[in-house]
Amino acid sequence: MIKKLLQRVVALMGATLMLSIVGTAMAAPNLVEQRQRVSLDGEWQIIVDPLGLGDSSPFGGDIPERGYFLNPPRGPQNLVEFSFDNSQTLTVPGDWNSQKAELFFYDRTVWYHRMITSAGTGDGMGDGTGDGRKFLHFGAVNYRAKVWIDGAFVGAHEGGFTPFAFDVTDALSAPGDHSLVVKVDNLHGTHTIPTRWADWLHFGGITRSVSLVSVPAAHIEDFTVSLKDHQTKQGVIKIDVTGVTSRTDITVAIPALNIQRQVQTDSSGALYLQLDLSDATLWSPQNPQLYDVIVTLGDDEVSDRVGFRTVETRGTDILLNGEPIFLKGVAMHEESILHEGRSHGPADAKAMLMLAKELGANFIRLAHYPHDAATTRLADELGLLIWSEVPVYWQIAFEDEAVLAKAKTMIGEMIRRDANRASVVIWSIANETPESDERLAFLEALADEVRRLDNTRLVSAALLTGRKELEAIGYAVVSRALNDPQVSDKTKQALADEIGFFPSAIARAAAWLGNVGPAAAPDMRSEDPLGEFVDVVAINEYFGWYYAAFIPLIVPLPEADARRIIFDMMDEVVIGTKFDKPLIISEFGAGAKAGYTDPTAPIWSEDYQAKVYDMQLQMLERSDQLAGISPWVLRDFRSYMRPLNSIQDYYNRKGLVSETGQKKKAFFILQQYYQNRE
Ligand code: GCU
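Residues numbered from 1 in each chain as written. Predicted model: local features only at pLDDT ≥ 70, side-chain atom pairs only at ≥ 80, totals over all residues. Heavy atoms only, no water.

1. Section: the packing of aromatic side chains
Here is step 1: Counted according to the given criterion, the structure contains 29 aromatic pairs.
Here is step 2: When the ring of Phe161 is compared with that of Tyr369, the centres are 4.1 Å apart and the planes differ by 10 degrees; the resulting orientation is stacked. Of the two residues, Phe161 sits in the loop between β7 (152-158) and β8 (164-167) while Tyr369 sits in the loop between β22 (363-366) and α3 (373-382), which places them 208 residues apart along the sequence.
Here is step 3: When its relative accessible area of 5% is taken as the criterion, Phe161 is described as buried.
Here is step 4: Taken together, the ring pairs in this structure connect Tyr542, Phe543, Trp545, Tyr546, Tyr547, Phe550, Phe567, Trp604 and Tyr608 into an aromatic cluster.
Here is step 5: Here the basic side chain of Lys611 rests over the ring of Phe567, its NZ or CZ set 4.1 Å away from the ring centre.
Here is step 6: Positioned above the aromatic ring of Phe667 is the side chain of Lys663, whose terminal nitrogen or guanidinium carbon lies 5.3 Å from the ring centre. (Phe/Tyr/Trp six-rings, centres within 6.5 Å; stacked < 30°, edge-to-face > 60°. Helix = DSSP H or I, 4+ residues; strand = E, 2+ residues; numbered from the N terminus. Buried < 20%, exposed > 50% of the residue type's maximum accessible area, 1.4 Å probe, protein only. Lys NZ or Arg CZ within 6 Å of the ring centre and 35° of its normal.)

2. Some details on the layout of surface pockets
Here is step 1: Estimated volume of the largest pocket: approximately 680 Å³.
Here is step 2: Lining the largest pocket are 30 residues, and of these Thr224, Lys238, Ala419, Leu453 and Asp454 lie nearest its centre.
Here is step 3: Its residues placed into classes, the lining of the largest pocket shows 11 nonpolar, 7 polar and 12 charged.
Here is step 4: Each of domain 2 (219-298) and domain 3 (318-466 + 528-560 + 581-676) accounts for three or more of the residues forming the lining of the largest pocket. (1 Å grid on protein atoms, 1.4 Å probe; cavity = no way out; pocket = protein on both sides within 12 Å on 5 of 7 lines; lining within 4 Å. Points joined across faces, edges and corners; volume = space filled by probe spheres on them. Nonpolar A, V, L, I, M, F, W, Y, C, P; charged D, E, K, R; others polar. Domains from an automatic or database assignment.)

3. Notes on the domain arrangement of the protein chain
Here is step 1: Assigned domains within the protein chain: domain 1 (15-215), domain 2 (219-298) and domain 3 (318-466 + 528-560 + 581-676).
Here is step 2: Taken together, the contact between domain 1 and domain 2 spans 9 residues of the former and 6 residues of the latter.
Here is step 3: For the pair domain 1 and domain 2, the two sides together bury roughly 580 Å², of which 59% comes from carbon and sulfur.
Here is step 4: For the pair domain 1 and domain 2, the interface holds 0 salt bridges.
Here is step 5: Seen at the junction of domain 1 and domain 2, the total is 3 residue pairs in polar contact (both at pLDDT 80 or more). (Contact = heavy atoms within 4.5 Å. Buried area = accessible area lost by both parts, 1.4 Å probe. Salt bridge = Lys/Arg side-chain N within 4 Å of Asp/Glu carboxyl O. Polar contact = N/O pair within 3.5 Å; in protein donor to acceptor, adjacent residues only side chain to side chain.)

In structure tokens, the structure reads:
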């Protein structure tokens, strides 16, 4: 009975709170950082809603949003349980995990609210004149966002690291104050990208800036400009104008190159224009020359600062402007030494990129998701090459078409935002995805999508050290252990019994290793078929860290023996790929607690981490396919996977610096290596 009554009440509420969709499907303008904007950053009111009751019923099914974000009238006879009045607040931009201790482990729903003021219809340029459009722009919301204005649904977005916007011209047509509500749902699952299982903290919230962008009805939606050939210095600019139905006059200018072109779009507002960039200085790490590119349509003017360069591969070389370049890199999560939590904005970008420059890096792997626009824009200024990645991480639901569609949307949003960033040279479509037919088909489709959208950059993916390589390592370690004078006879006997039990193991080892004896070294040439679909093969490998921990789970060899044997073996290991393509070692590293030093180099000491870096850098020098490295990782970062009390405390400690920027010994080893390398 109660249930039926409640369902009737809910249905009644539904009738009173009819959802009207006010956002329109018009494509939002790109390059918003370059446009006149009203910032909506600051303190927003919040309601923490673990059960998602704001728009769903405990009896199942979705219900129209409760009245609370219409600020229901309060009074001695009014039963109100959900209201933003006098509620807690969160700072936007910013994640909630680092702002409130009680939300550190929280990964469900938070409702956000603030008021926004509009001058009303027609204030296209925010000055009360014209027939302009208004867009509500979000730099990023992790993980899902649903948006309402004055209780009317505006739009929704999924994906935690790319910008999105809604046309809110009609919603803000009445002059005065309007109620803006955003539902942020940070629950990840098996069909999200990434899934819940990730070695980083899914910082939830409105994690990047929010703003109101006003444009004329006819405006420049986007333009992308690039150098097509570094020898002829011919370039091209593609311009999209919105709100026109006939050929439209626009101006393209690059003042520093004395380029000023009066041109016309086609009737759909599109223009594809060749540019003679003969006088341009090419962009490079040594000379990150940028040019203002200005596009004007009537009273709408948008400019972007662009560097002109080409990137391509030739055999196992990566070429920048036709010259081979070795990528002296480092991997980086989006967390800053300036504060806890998801980093954002110019100050964090500067702190972290300057640290990378101090290391001697010319390359940064922005793991494992698109970082803030401020970071790639600053990389342009500093001359740092960038690897930018979508979070297709570990075991994704590769068989699900809807998940593939999500991944393509994320790639499109990532590329659209940074298409003019000279620093971005590699789009990465995945990280450590286990081999399967579904995974290969999924990633081949993603690689095709990247090339469809942008054929001026390279495609890569960080590969898992696969089963074949791990088996080879295991066999090599066991065969060496059987001949190692430091391994006890008792252990040797136990190993022999085990292998005796698995006679095929040694036979397999012989097949892999060619010789099962002291000189055994694993064949680390990756045969991952994904190598066929990328331009640059990238491999994550953890010699000196993880592998020794796996072996005692398989055979009765103490980890200390396995660890010592692997260090010895690294003198002979050669890492490569069967494909004749450039190879990047996209991850290697070891954990260390900053300040913990011990000359005997126990695990978690800075000395152990330094030893791994020493051995790794010597080992990698032997790979003749090596085009670059991005050791894991610049700064310790938050992860629910890393609880070890008083050592990790929910940080992954593979950073070269601590979360506050304290440099570890390994920082200086890598710095020295980069200084000595050409
Ligand atoms: C993996 C993974 C990283 C992870 C790292 C680690 O290779 O790509 O996201 O943080 O190893 O284990 O520290």
